[in-house]
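One letter stands for each residue in the lines below.
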Amino acid sequence: MYTDQGPETTHFLLLIKVIALFDADQHEEADLLLKELVAGCPNADTSACHIVEAYLHVQLGIKALDGARRDEAADHFTAALSSSNSSSKSDIHEIYEDLVVIFGWDLKSLWLTAHQKRCQAFLSAGKVNEALESHKSMMDNIDETTKASCLEWSTVFIEQCSAPFLASGDAALAASDFDRAIDLYSAVIDLTSRFYAVFANRSKAKLGKRLWMEALLDAQKVIQLNPSSHVGYKLKHAAFHGAQRYDEAIVAFQTMLSTLDHAPDTETRNLRQQYLSPSEADRAIRRVIDAQLDNAPMRVLDTTTGLLCDREAQIRTFKSSIKYKELVSSIIMHPEFRMKRIEEVVITYFQYAMLSHRWEGKEPLLQDIQGKVVYELDPVGGIKKLQSFCKTARDAGYRWAWSDTCCIDKNNDVELQASVKSMFVWYHHSALTVVYLSDVPPSSKSGALVWQEVAHRVDIVMQHC
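Rules of the game
Every chain is numbered on its own, with residues counted from 1 as its sequence reads. Thresholds applied to this predicted model are a pLDDT of at least 70 for local features of residues and 80 or more for the giving and counting of side-chain atom pairs; totals over whole chains, interfaces and linings are not thresholded and use all residues. To get the side-chain values, all heavy atoms of the structure are used, and hydrogens and water are removed first. Each helix is a run of DSSP H or I of at least 4 residues and each strand a run of E of at least 2, with the numbering of both proceeding from the N terminus. Under the scheme applied here, a residue whose accessible area is under 20% of the maximum for its type counts as buried, over 50% as exposed, and between as partly exposed, the area being computed with a 1.4 Å probe on protein chains only. All accessible areas in this document rest on Shrake-Rupley with a 1.4 Å probe, and a residue is counted as covered only by the protein chains that are shown. The criterion is simple. A nonpolar core is a set of buried Ala, Val, Leu, Ile, Met, Phe, Trp, Tyr and Cys residues joined through side-chain atoms within 4.5 Å. Working rule for contacts: check all heavy atoms of both residues, and any pair within 4.5 Å makes them a contact. All axes are obtained by fitting lines to C-alpha atoms, using only the stretch in contact for helices, and the reported angles, taken between N-to-C directions, cover 0 to 180 degrees. For this classification, under 35 degrees means roughly parallel, over 145 means roughly antiparallel, 65 to 115 means roughly perpendicular, and everything else is oblique. The sense of a crossing depends on the near helix, which, turned anticlockwise from the far helix by less than a right angle, makes the crossing left-handed and, turned clockwise, makes it right-handed. Classification of ring pairs rests on two measures: the distance between centres of Phe, Tyr or Trp rings, Trp counted by its six-membered ring, which must be within 6.5 Å, and the angle between planes, read as stacked under 30 degrees, edge-to-face over 60 and tilted in between. Only Lys NZ and Arg CZ are tested; either one counts as a charge over a ring when it is within 6 Å of the ring centre and within 35 degrees of the ring normal. Helix span, as expected, comes to 1.5 Å for every residue beyond the first. Two axes enter the definition of the bend at a residue: one is fitted to the seven residues ending there, the other to the seven starting there, and the bend is the angle between them. Polar contact is defined as a pair of N or O atoms within 3.5 Å, subject to the rule that within protein one atom must be able to donate a hydrogen and the other to accept it, and that residues adjacent in sequence are counted only when both atoms are side-chain atoms. Any carboxyl oxygen of Asp or Glu that lies within 4 Å of a side-chain nitrogen of Lys or Arg is treated as forming a salt bridge with it. For two strands to count as paired, DSSP must find a minimum of two bridges between them. Confidence of the predictor at the level of single residues is captured by pLDDT, which takes values from 0 to 100.

When helices and strands are tallied, the protein shows 23 helices and 7 strands. Going through the 465 residues of the protein one by one, you find that 43% of them count as buried. Summing over all exposed atoms, the protein offers an accessible surface of approximately 24200 Å²; the carbon and sulfur share of this is 51%.

What follows is the structure, encoded as structure tokens:
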């Protein structure tokens, strides 16, 4: 056959016959002839055989993939790439121009097509790890120009590979399986770090694990990737709040509110209505404080500092405290719980102890202790009793204490009369009454205390020191 032709021409004509048989769906005959050409013509151009073999495998793989025979398709694409390893990939389009002209082949993209289709076949078969390995092999074996040309395809493919991990991560997060969620979101991030939503969800999972600083790093990544979204700032607030860095939490929250106010769409802007601003929270807290202090003495002793305070001084002390900052940071995010939460914190913080005693000797008056630290005064007479009272209240967990000797300005008739009229109400609303029994000798050592439960309020009997 073809006896009048040279060996190269005969070889090429037989290759054309292989392709013709393949196009006629006589795949087995084409494959058999191609193998005979490779084995029986050692001096011939076997490169051409390998290129034809690779091309035919690619076509078979595409048909298998279209028919949802994904494993078969992957095998064909792998075989095509194995064939290509036996031939040179450089300038094959120009070298075998006749094949291009006769059959319309695109040999330049042959290897890239085989790589991409194999990746897709593995992914379609649910073999995500194999798909990722195939993608890595492709990226390692193509030049920079080809990488640039297939960048969009590669990005989409990685997203598709990420989808199963992402779906499983979302399910784990919804089930509060935070460790698994973190692992799955991390797997997605290892594939692609361009999606802020993945960092946001991993931050939520880390918040669930109380990993405040790790959650903060993910929140900052969300802000970096999408600075116009409120989500990153919301997560940043939660991380700082969990870490008890309340000042920074409130700043992050204010930025979140600003982002919501300037959102381009109405739906996002409407989210602003769910939250309180720090100034709104402060006003809500102040209203509860004023109501609480209406039934409290006008002046009290700070058992922590030993200083006499009026109501405004009490409020300033509260606003500089961690409790106040934690309260503001909490209720701005969860306004639906604000009144209950505010009342709990305010009532607890402003609880006060009252001293019940009989005046004797020289008792300290307001002018004697105003602007002074009670604990630093000379412990004689009534001062010693006052110091003991403040320490007793402090040790029982109360920040504020009241004694009729020094917490009323007796030189002010209006204040004196108002205090006398209000004293019953003050005692009624006090959290603790400390009773000083000067004429009862101590049952044991000096300063012994006896606890009693009276009308749902713990009272302390403080015996003569």
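Okay, the nonpolar core next. Of all hydrophobic cores here, the largest spans 59 residues; its most connected members are Ile285, Leu301, Phe318 and Ile369. Look past the residues within four positions of Ile285 in its chain and what remains in contact with it is Phe318, Tyr324, Leu327, Val328, Ile331, Ile342 and Val346. Core analysis: the next-biggest nonpolar cluster, separate from the first, contains 24 residues, Ile51, Ala64, Ile158 and Cys161 among them.

Attention now goes to the packing of helix H14 (residues 231–242) against helix H15 (residues 246–261). It is the contact of H14 with H15, at a shortest axis distance of 8 Å, that shows an interaxial angle of 165 degrees. It follows from the interaxial angle that H14 and H15 lie roughly antiparallel. For the crossing formed where H14 meets H15, the hand is left-handed. Residues Tyr233, Lys234, Lys236, His237, Phe240 and His241 of H14 touch H15, and the partners they reach there are Tyr246, Glu248, Ala249, Ile250, Ala252, Phe253, Thr255, Met256 and Thr259.

The next subject is the packing of helix H10 (residues 151–174) against helix H12 (residues 196–208). In contact at an axis separation of 10 Å, H10 and H12 are set at 30 degrees when each is read in the N-to-C sense. With respect to each other, H10 and H12 are oriented roughly parallel. Handedness of the H10/H12 crossing: left-handed. Residues Leu166, Asp170 and Leu173 of H10 form the contact with H12, whose own contacting residues are Val198, Asn201, Lys204 and Ala205.

Now for the side chain of Thr303. If you trace the backbone, Thr303 turns up in the loop between strand E1 (299–302) and strand E2 (308–310). Ignoring anything within four residues of it in the chain, the contact list for Thr303 reads Tyr375, Cys390, Ala393, Arg394, Tyr398, Arg399, Trp400 and Ala401.

Counted under the stated rule, the structure contains 9 aromatic pairs. Between Tyr349 and Phe350, the aromatic rings sit 5.1 Å apart at their centres with planes inclined by 75 degrees, giving edge-to-face as the arrangement. Neither residue differs from the other here; Tyr349 and Phe350 are each classed as buried. Their ring planes at 70 degrees and their centres at 5.6 Å tell us that Trp402 and Trp426 sit as a pair that is edge-to-face. Here Trp402, found in strand E4 (residues 400–402), pairs with Trp426, found in helix H23 (residues 413–429); they are 24 residues apart in sequence, far enough to count as distant. Considered together, Trp402 and Trp426 belong to a single accessibility category, that of buried residues. Each residue in the set Phe318, Tyr324, Tyr349, Phe350 and Trp400 is aromatic and connected to the rest through ring pairs, giving one cluster. Here the guanidinium or amino end of Arg394 rests over the ring plane of Tyr375, the centre of that ring lying 5.2 Å away. Here the basic side chain of Arg399 rests over the ring of Trp400, its NZ or CZ set 5.4 Å away from the ring centre.

This part covers H23. The terminal C-alpha atoms of H23 lie 24 Å apart, and with 17 residues this matches the ideal 24 Å at 1.5 Å per residue to within 8%. The largest bend along H23 measures about 50 degrees and falls at Ser422. Looking at the buried positions of H23, the neighbouring elements they touch are E1, strand E3 (352–356) and E4. Where H23 begins, the capping side chain belongs to Asn412, and its oxygen is found 3.1 Å from the backbone nitrogen of Val414.

On to the environment of His428, then. Looking at the element boundaries, His428 is found in helix H23. Exposure remark for His428: the relative accessible area of 54% places this residue in the exposed category. On a C-alpha basis, the gap between His428 and Met354 in space is 9.9 Å, while along the polypeptide they are 74 residues apart.

Mapped onto the fold, Ala125 is located in the loop between helix H7 (110–124) and helix H8 (128–141). We classify Ala125 as partly exposed; its relative accessible area is 31%. Dropping the residues within four chain positions of it, Ala125 is found in contact with Arg70 and Asp71.

Here the focus is the pattern of salt bridges. Once their charged atoms are close, side chains differing in charge can pair, the charge on each being opposite to the other. Evaluated as defined, the whole model comprises 20 salt bridges. Of the charged contacts in the structure, one is a salt bridge between Glu159 and Arg194, with a shortest N-O distance of 2.7 Å. Highlighted residues: Glu159 in helix H10 and Arg194 in the loop between helix H11 (178–191) and H12, separated in sequence by 35 residues. For Glu159, a relative accessible area of 32% corresponds to the partly exposed category. The exposure class of Arg194 is partly exposed, given its relative accessible area of 48%. A salt bridge links Arg286 to Glu312; its shortest N-O distance comes to 2.8 Å. Separated by 26 residues along the polypeptide, Arg286 in helix H17 (residues 278–293) and Glu312 in helix H18 (residues 311–319) bring together distant segments of the chain.

In this section: the pairing of E1. Two faces make up the sheet, and in a regular strand the side chains alternate between them. Relative to E2, E1 runs antiparallel, the two sharing 3 bridges. By the bridge assignment, Arg299 is partnered in E2 with Asp310.

Here we take up the confidence of the model for the protein. It should be kept in mind that the predicted coordinates are not to be read in detail where pLDDT is low. Residues with a pLDDT of 70 or more make up 84% of the protein, whose mean pLDDT is 85. Counting contacts from residues 446–458, a segment whose pLDDT is below 50, to residues more than four positions away or on other chains yields 29 contacts.

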